[in-house]
Structures are given as C-alpha cells and as structure tokens.
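A structural walkthrough
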Amino acid sequence: MASNLVEKSSVNLNELTSIIWGDNIKQDVFERWCQGFIFDSEKEPTALLQYSGGPCSIIATVQAFLLRQLLFESKCGDDWQHPTGLKLLLCSIVVAFHCLWKWFTLKLAEEELNTHLMNSFMSIFINISTPDSKYLVVYEEKEQVDQKQESNQQESEQAASEKENTEASAVEHTAKRMRLDHDGFLKKLNVYKFETLNEMKVLLSEKIGLFKQDYGVLCFLYSLLLTKVNNIFSLSHSISLY
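A few points on the structure. Predicted, not measured: the structure shown is a model, and the values here were computed from it. (Residues numbered from 1 in each chain as written. Predicted model: local features only at pLDDT ≥ 70, side-chain atom pairs only at ≥ 80, totals over all residues. Heavy atoms only, no water.)

Let us look at the packing of aromatic side chains. One pass over the structure, following the stated rule, counts 12 aromatic pairs. Ring geometry for Tyr139 versus Phe185: centroids 6.0 Å apart, planes at 10 degrees, classification stacked. Placement of Tyr139 in strand β4 (residues 135-139) and of Phe185 in helix α9 (residues 182-187) is noted, with a sequence separation of 46 residues between them. Phe185 shares its class with Tyr139; the two are buried. On the numbers, 5.8 Å between centres and 70 degrees between planes, the contact of Phe185 with Tyr222 is edge-to-face. Of this pair, Phe185 sits in helix α9 while Tyr222 sits in helix α11 (residues 216-227), placing them 37 residues apart in sequence. Taking the relative accessible area as the measure of exposure, Phe185 reaches 0% and is therefore buried. One aromatic cluster in this structure is built from Trp21, Phe30, Trp33, Tyr139, Phe185, Tyr215 and Tyr222. (Phe/Tyr/Trp six-rings, centres within 6.5 Å; stacked < 30°, edge-to-face > 60°. Helix = DSSP H or I, 4+ residues; strand = E, 2+ residues; numbered from the N terminus. Buried < 20%, exposed > 50% of the residue type's maximum accessible area, 1.4 Å probe, protein only.)

Generally speaking, a soluble globular protein has its nonpolar side chains buried in company with each other. With 51 residues, the main nonpolar core has Phe37, Phe185, Leu218 and Phe220 as its most contacted residues. At the level of elements, α1 (13-21), α3 (56-71), α5 (110-128), β4, α9, β5 (189-193), α10 (197-207) and α11 are the ones that each hand at least two residues to this core. No other element matches α11, which puts 9 residues into this core. (Core = buried A, V, L, I, M, F, W, Y, C linked by side-chain atoms within 4.5 Å.)

Within β4, 5 of the 5 residues are buried, which leaves it mostly tucked inside the rest of the structure. Side chains of β4 alternate between two faces, with Tyr135, Val137 and Tyr139 and Leu136 and Val138 buried alike. The pairing of β4 with β5 spans 5 bridges and is classified as antiparallel. Each bridged residue has a counterpart across the sheet, and for Tyr139 the counterpart in β5 is Leu189. (Pairing = 2+ DSSP bridges.)

Now for α1. Listed in full, the buried residues belonging to α1 are Leu13, Leu16, Thr17 and Trp21. Along α1, the residues classed as buried sweep out an arc of 110 degrees about the axis, all on the same side. Where α1 terminates, the next one or two residues include Gly22, which has phi positive at roughly 85 degrees. (Arc of directions from axis to C-beta.)

Where α3 contacts α5, the axes come no closer than 9 Å and their chain directions differ by 115 degrees. Taken together, the axis directions place α3 and α5 in an arrangement best described as roughly perpendicular. Judged by the sense of rotation from one axis to the other, the crossing of α3 with α5 is right-handed. When α3 is examined against α5, the residues Thr61, Val62, Phe65, Leu66, Arg68, Gln69 and Leu70 are found in contact with a partner set consisting of His116, Leu117, Asn119, Ser120, Phe121, Ser123, Ile124 and Asn127. Grouping the constituent residues of the contact of α3 with α5 by class yields 7 nonpolar, 7 polar and 1 charged. (Axes fitted to C-alpha atoms, helices over the stretch in contact; angles between N-to-C directions. Parallel < 35°, antiparallel > 145°, perpendicular 65-115°, else oblique. Left-handed = near helix turned anticlockwise from the far one by under 90°. Contact = heavy atoms within 4.5 Å. Nonpolar A, V, L, I, M, F, W, Y, C, P; charged D, E, K, R; others polar.)

In space, the 3 strands of this open sheet follow the order β1-β5-β4, with antiparallel pairing throughout. Here the strands that pair on one side only, and so sit at the sheet edges, are β1 (5-6) and β4. Set on the sheet, α10 makes contact with β4 and β5; between it and β4 the angle comes to about 15 degrees.

The tally for this structure, following the rule as stated, stands at 2 salt bridges. Across the salt bridge formed by Arg32 and Asp28, the nearest N and O atoms sit 4.0 Å from each other. With Arg32 and Asp28 both in helix α2 (residues 27-32) and 4 residues apart, this pair spans about one turn of that helix. Given a relative accessible area of 46%, Asp28 falls into the partly exposed group. (Salt bridge = Lys/Arg side-chain N within 4 Å of Asp/Glu carboxyl O.)

Structurally, Lys212 can be placed in the loop between α10 and α11. In this structure the side chain of Lys212 is engaged in a polar contact, spanning 2.8 Å, whose partner is the side chain of Asn114. (Polar contact = N/O pair within 3.5 Å; in protein donor to acceptor, adjacent residues only side chain to side chain.)

In structure tokens, the structure reads:
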C-alpha cells in the first residue's frame with residue numbers, strides 16, 4: 001500500500017482547510033473536533049460517543065450507516081429496501097426482535113465492531129466517490145509509517161497491542177492527550193489515493209483503529225471532502241463569484 005501514499009503537496013489541503021474552517025481557525029473550535037469514533041462500551045456497545053459540540057454532523061451520519069449495518073443489512077434479503085405485503089410484515093418482525101436482542105444482549109467483540117465501522121465508512125464512500133477521486137486521510141506519527149515500511153512484524157505487534165486496549169482506555173487517552181493546533185495536525189497527515197474502492201477497503205481495514213483514536217473524526221471528514229474535492233472546489237468558486 002506504500003504506492004498509494006501521495007505527496008500532500010499534490011492535494012490542495014490549504015484550500016480544503018479554508019472551506020472547512022474559514023480564514024481564521026479558532027483553537028477552541030478545532031479542539032472540539034479532535035476525537036475519534038469511540039463506542040460506548042458501558043451502556044450501548046454500538047453507540048458512538050461525542051464529547052463536545054461540533055462533530056455531530058459526522059458522528060451522526062456514521063452512526064446512521066452503522067445502525068443500518070447492524071439492523072438491516074442481510075436481514076431481509078437483497079430487496080430489503082422495497083419490501084411489500086408479507087415481506088414487509090416479516091421484515092418488521094425480524095427488525096423488532098433484532099433490535100430487542102441488540103438492546104439486551106449485544107456484546108460484540110471489538111473486531112466485529114471494527115468491521116461494522118469500516119463497512120459503514122465504505123458505504124458512505126460508495127455514495128460520494130467518483131471514478132477519479134478516492135482518498136483516505138490518516139493521522140499517523142512518523143514512526144508509525146517507518147515501522148510499517150521496515151517490518152510487517154512490527155505492524156503485527158502494534159495491531160496486537162491495539163487489540164489489548166479497551167474502549168475505556170481509548171476514552172481516557174482522548175481526554176488526557178495534549179492538543180495540537182491545526183498546523184501541527186496537518187503536518188502529521190498522510191494522504192492515500194486509490195484507483196478502486198476495493199483498494200481503499202484493504203487499507204482501511206488495516207488502519208481502522210487509527211480512526212478510533214485522536215483526530216479520527218477529522219481524518220474521516222478530510223477523506224470525504226478530498227474524495228469529493230472537484231465538486232466542492234467548483235461549488236466554493238461559484239459561491240465566491242456572487
């Protein structure tokens with residue numbers, strides 16, 4: 001996947017930053033967006049947590065696709081979107097019992113939750129991607145990239161270490177970490193470009209844990225906007241003419 005890594009200078013992050021934050025980036029506003037996709041391990045294992053006002057537009061969207069994954073996907077056959085008559089009744093019964101089962105007994109393993117989160121991301125990308133534009137933005141420390149390039153064994157050890165961390169420790173890490181300003185955040189972003197969604201899914205499955213850590217929500221936002229970059233920049237330019 002190293003070949004998918006592109007130079008940040010080849011993508012217009014500065015213009016994208018202007019679209020997202022405006023000309024003046026306020027530190028307190030930026031910090032409210034600095035969180036990952038964290039599940040509520042205590043009350044509802046499939047619920048995504050939000051710590052501050054701001055990123056609800058992203059978190060709520062992912063939550064909606066996540067619920068569709070959990071409640072509807074493969075529950076009513078291929079035509080679940082258009083059930084009629086008896087199928088509608090049966091589908092409603094299945095969904096009702098499925099909801100009750102999730103509410104009372106759901107204790108999904110972290111790996112399964114990660115899979116559902118990844119599939120939710122991919123569902124969103126399928127809706128917005130174009131043949132020429134598929135990007136994934138990941139916040140990575142430099143040593144993480146070096147380790148991956150030098151040794152697959154080190155990557156496996158890191159994955160095993162991440163697996164041992166509980167959701168509670170992830171929440172604690174989010175609360176205690178030192179905040180970066182936006183410029184520091186941009187410097188540690190890696191941008192990956194893909195020819196196909198399947199290529200993107202492979203890398204996303206490897207790095208889904210990073211989206212649950214600091215800045216995961218922001219990375220997903222940047223990924224979506226870069227994927228839709230041509231339309232966004234054209235719209236922004238059109239608006240500026242008036």
